[in-house]
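# Chain and residue survey
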Protein chains: 2
Amino acid sequence: MTLTWTHVASDGAARAGTLLTAHGEVQTPVFMPVGTAGTVKAMTADSVRSTGARMVLGNTYHLMLRPGAERVARLGGLHRMMDWRGPILTDSGGFQVMSLAGLRKLDADGVTFQSHIDGSKHRITPERSVEIQHLLGADVTMCFDECTPFPATYGQAAESMRLSMRWAARSRAAFAPRAGHGLFGIVQGSTYADLRAESVAALSAIGFEGYAIGGLAVGEGQPEMLRMLDITAPLLPQDRPRYLMGVGTPHDLIESVKRGVDMFDCVIPTRSGRTGRAYTSRGVLNLRNAKHAEETRPLDPDCGCPACRNHSRAYLHHLIKSEEMLGPMLLTWHNITYYQHLMARLRAAILDGRLHAEAAAIEAGWAEDDTKAQAA
Amino acid sequence: MTLTWTHVASDGAARAGTLLTAHGEVQTPVFMPVGTAGTVKAMTADSVRSTGARMVLGNTYHLMLRPGAERVARLGGLHRMMDWRGPILTDSGGFQVMSLAGLRKLDADGVTFQSHIDGSKHRITPERSVEIQHLLGADVTMCFDECTPFPATYGQAAESMRLSMRWAARSRAAFAPRAGHGLFGIVQGSTYADLRAESVAALSAIGFEGYAIGGLAVGEGQPEMLRMLDITAPLLPQDRPRYLMGVGTPHDLIESVKRGVDMFDCVIPTRSGRTGRAYTSRGVLNLRNAKHAEETRPLDPDCGCPACRNHSRAYLHHLIKSEEMLGPMLLTWHNITYYQHLMARLRAAILDGRLHAEAAAIEAGWAEDDTKAQAA
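Predicted, not measured: the structure shown is a model, and the values here were computed from it.

Procedures and definitions
- Residues numbered from 1 in each chain as written.
- Chains lettered and ligands numbered in written order.
- Predicted model: local features only at pLDDT ≥ 70, side-chain atom pairs only at ≥ 80, totals over all residues.
- Heavy atoms only, no water.
- Helix = DSSP H or I, 4+ residues; strand = E, 2+ residues; numbered from the N terminus.
- Rg over C-alpha atoms; globule rule 2.2 N^0.38 Å.
- Buried < 20%, exposed > 50% of the residue type's maximum accessible area, 1.4 Å probe, protein only.
- Areas by Shrake-Rupley, 256 points an atom, 1.4 Å probe, with all protein chains shown as cover.
- Least-squares fit on C-alpha atoms with pLDDT ≥ 70 in both.
- Contact = heavy atoms within 4.5 Å.
- Buried area = accessible area lost by both parts, 1.4 Å probe.
- Salt bridge = Lys/Arg side-chain N within 4 Å of Asp/Glu carboxyl O.
- Pairing = 2+ DSSP bridges.
- pLDDT = per-residue confidence, 0-100.
- Disulfide = S-S within 2.5 Å.
- Core = buried A, V, L, I, M, F, W, Y, C linked by side-chain atoms within 4.5 Å.
- Axes fitted to C-alpha atoms, helices over the stretch in contact; angles between N-to-C directions.
- Parallel < 35°, antiparallel > 145°, perpendicular 65-115°, else oblique.
- Nonpolar A, V, L, I, M, F, W, Y, C, P; charged D, E, K, R; others polar.
- Phe/Tyr/Trp six-rings, centres within 6.5 Å; stacked < 30°, edge-to-face > 60°.

## Description of the overall build of chain A
Counting its secondary structure elements, chain A contains 16 helices and 16 strands. At 20 Å, chain A has a C-alpha radius of gyration in line with the 21 Å of a compact globule built from 376 residues. In terms of principal-axis extent, the alpha carbons of chain A reach across some 60 × 45 × 40 Å. A total of 376 residues make up chain A; the buried ones form 60% of that total. For chain A, the accessible surface area stands at approximately 13,300 Å², while carbon and sulfur atoms represent 54% of it.

## Brief notes about the relation of the copies chain B and chain A
Screw-axis analysis of chain B against chain A gives a translation of 0.0 Å along the axis, an RMSD of 0.0 Å, and a rotation angle of 180 degrees. Expressed as a symmetry operation, the mapping of one chain copy onto the other fits a two-fold axis. Identified as the residue of chain B closest to the rotation axis by C-alpha distance is M325 of chain B, at 3.9 Å.

## Side note on the interface of chain B and chain A
Taken together, the contact pairs 38 residues of chain B with 38 residues of chain A. A buried area of about 3,300 Å², summed over both sides, lies between chain B and chain A, and 58% of it is on carbon and sulfur atoms. Of all residues in chain B, E294, H318 and M325 of chain B bury the most surface against chain A, accounting for 18% of the area lost on that side. The interface formed by chain B and chain A contains 8 salt bridges. The salt bridge involving E294 of chain B is made with R71 of chain A; its shortest N-O contact spans 2.8 Å.

## Quick look at the pairing of strand β16 (residues 283-286) of chain B
Regular strands place side chains that alternate from one sheet face to the opposite one. Residue and element names in this part refer to chain B. Bridge analysis of strand β15 (residues 277-280) against β16 gives 4 bridges, and the strand direction is antiparallel. By the bridge assignment for β16, Y279 is matched with V284. Between β15 and the antiparallel strand that follows it, β16, lie 2 residues.

## Digging into unusual backbone geometry
Cis peptide bonds are those with omega within 30 degrees of zero, and the linkage from F150 of chain A to P151 of chain A qualifies with -5 degrees. Along the chain, the position of P151 of chain A falls in the loop between β10 (140-142) and α7 (154-174). In this structure, E323 of chain A takes a positive phi of about 55 degrees despite not being glycine. One can find E323 of chain A in the loop between α13 (313-321) and α14 (326-352). In this structure, A217 of chain B is a non-glycine residue whose phi angle is positive, near 55 degrees.

## A word on the confidence of the model for chain A
Mean pLDDT for chain A: 96, with 99% of residues reaching 70 or above. For this predicted complex, the interface confidence score (ipTM) comes to 0.97, while the overall pTM stands at 0.97.

## So, the state of the cysteines
Summed over the entire model, instances satisfying the criterion amount to 0 disulfides over all chains. Cysteine C305 of chain A shares no disulfide, and the gap to the nearest cysteine sulfur, in C303 of chain A, comes to 3.7 Å. The exposure class of C305 of chain A is buried, given its relative accessible area of 3%. As a non-bridged cysteine, C143 of chain B has C147 of chain B as the owner of its nearest cysteine sulfur, 14 Å distant. Overall, C143 of chain B belongs to the buried group, its relative accessible area being 2%.

## Brief notes about the nonpolar core
Membership of the largest hydrophobic core comes to 191 residues, with the highest contact counts inside it found for L244 and F264 of chain A together with F113, L244 and F264 of chain B. When residues no more than four places from it in sequence are discounted, the contact partners of L244 of chain A are I213, L216, M225, L229, S256, V261, M263, F264 and D265 of chain A.

## Comments concerning the packing of helix α10 (residues 250-258) of chain B against helix α15 (residues 355-367) of chain B
All names here are of chain B. Between α10 and α15, the least distance of the axes is 11 Å, while the angle of their chain directions is 170 degrees. It follows that α10 is roughly antiparallel to α15 by the angle criterion. Taking contact as the criterion, the partners of P250, H251, I254, E255, V257 and K258 in α10 are, on α15, L355, H356, A359, I362, E363 and W366. Taken together, the residues that form the contact of α10 with α15 break down as 7 nonpolar, 2 polar and 3 charged.

## Looking at the packing of aromatic side chains
All names here are of chain A. Counted according to the given criterion, the structure contains 12 aromatic pairs over all chains. Between F208 and Y211 the ring centres are 6.1 Å apart and the planes differ by 90 degrees, which places this aromatic pair in the edge-to-face class. Comparing F208 with Y211 shows no difference in burial state: the two are buried. Judged by centre distance (5.9 Å) and plane angle (90 degrees), the ring pair of Y279 and Y339 falls under edge-to-face. Placement of Y279 in strand β15 (residues 277-280) and of Y339 in helix α14 is noted, with a sequence separation of 60 residues between them. For Y279, a relative accessible area of 9% corresponds to the buried category. The rings of F31, Y279 and Y339 are connected pair by pair, giving a single aromatic cluster.

Below, the structure written as structure tokens:
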């Protein structure tokens, strides 16, 4: 049996569920830390596990270039290589090809591009993308698509979306069904409601184990993104997981869960950790700021991660200012922990039918600027 | 009672002992990982502990400049700030002032210098160095001295050593005795046997809780360093710990333990880890080397650290080539683990009276180049 998702409870449009994969169960809504090149940056696999994370994402573009998909397969697959025992979702490579690669040429069959690492020439087609993800050992394979740039005219968005739908059919045909594995289609259509609907219809006709909503969080702003979720989510099959790609901030996650999204990935918690930003129950802290230099309190009194349990904000400030690797290590660990706790709270609230109250309580916490309390 | 060292066993000139400090017991011979700026680079305090390390070193020069000694004291001391529960030895700042600071001016009273971080002007005297180390909360405080540059003429070496001896007396006078804390004198004299003897006599007359051998591993080469140990160690008080500063490679450690050294610190295992070099029971591996790209074996079959337990050499090669932070993190963890295991093996061998056989067995392991076995 392919990967399955079981609906456990609803609260309004929000859903709690269980994703069952070849590498175990994952409770949804779920946030997947991004393990770009076979590592969640600045964390060991053990430390990622310790945050409660059960599922991570790998990037096809990065891994196909280095160490190479066939090499990963010879090393026993991505799970074994990075010592990740839970499920892995891989993206299709399309998004990074468009945003990172050098000279690239899109045609009806696929994309030819130059590596950003050494300028070497490569090609991805829907069939090759699915093959690469198979070689990596992905539990969830994503269809190869074009992430429509924003803004796009209606004509551009329609043409791009229809290309992605043709590629979705080819991805489906290329995907080898295996127990506990699945292929997700990706809804495109930019900010045009009827194109989103056309895309959902096209994907539903093909049939996938899950449905991603792509082409959002690309510059359209949160209100427009949420409007697209309001339009798109209700059209998606009720019995399949929904994955909002590349999103987002804690507030984005809350608002998207309310609208029926089950899965998320984003570099925000890891990238922010490397630049000294911490997401906490009392809002965002910038640890570079000199106001933390003698602050003996922990980052987040409500967090049990090593950064919060063992250290002061002053120490984290010192590490970031000194460009010590331990600064990014601890802040990434904290941010991923925060994201995992946030998702666990949202899931528990859905089960209890009190999601909106819980979301309001979380947001009220963010508004308590405890750095001001300290200064007073 | 001040910090004490108890002699447990000898094997030839080599000694096994127990150092008792305000932050617990340490078995000697001991290797202290270097925690330059309040962090053993690329490791959490928990991961340092997991290697078996019980005692670490902090650098007065780095910490006095950032975050500042008084600030560390206000934050509860270095132990609390970096979450290190075992003993900490701090150096005096002298070595880094000479090698890292900008414009510096040595006079009979101390050194004035410019920070390498922001060019700000600072001054260290023996009294201020001891005060800083007190503010940091060091279990072992080092006398402020001049590490005589190599090579030095006899006259230069004599003058420099005698300045350090005057400063040693001033450091002793400035040191506030506290239970479990101690002050170590530092033997200088470059490569001149009679100056080394004069220095030992001067320090012994003052009286210290331990004796460091300084001014070695500064370019004189291993044979000359070992010759100086052969000359110096027998002159030192038998009932006090001996610390060889800034040394060294695994082979340096073995040869120095044989000659009666009890304590070591060095950046080699941490710095090497960050540049892709691993010390293993089968010799040194450079993980940047392409020959590891598909090597599924662990770094060191005899090691239980996370790098060896969970990953292949191929993965470590990938991380280093990709400049992923996890590469330095895992290799540092491994190297510190290797150094700790090495010291534990040497201590056990001393207790059993078979140090020379054990050293020979360890060195025979290094000669087994298992990367060749793989290629064959």
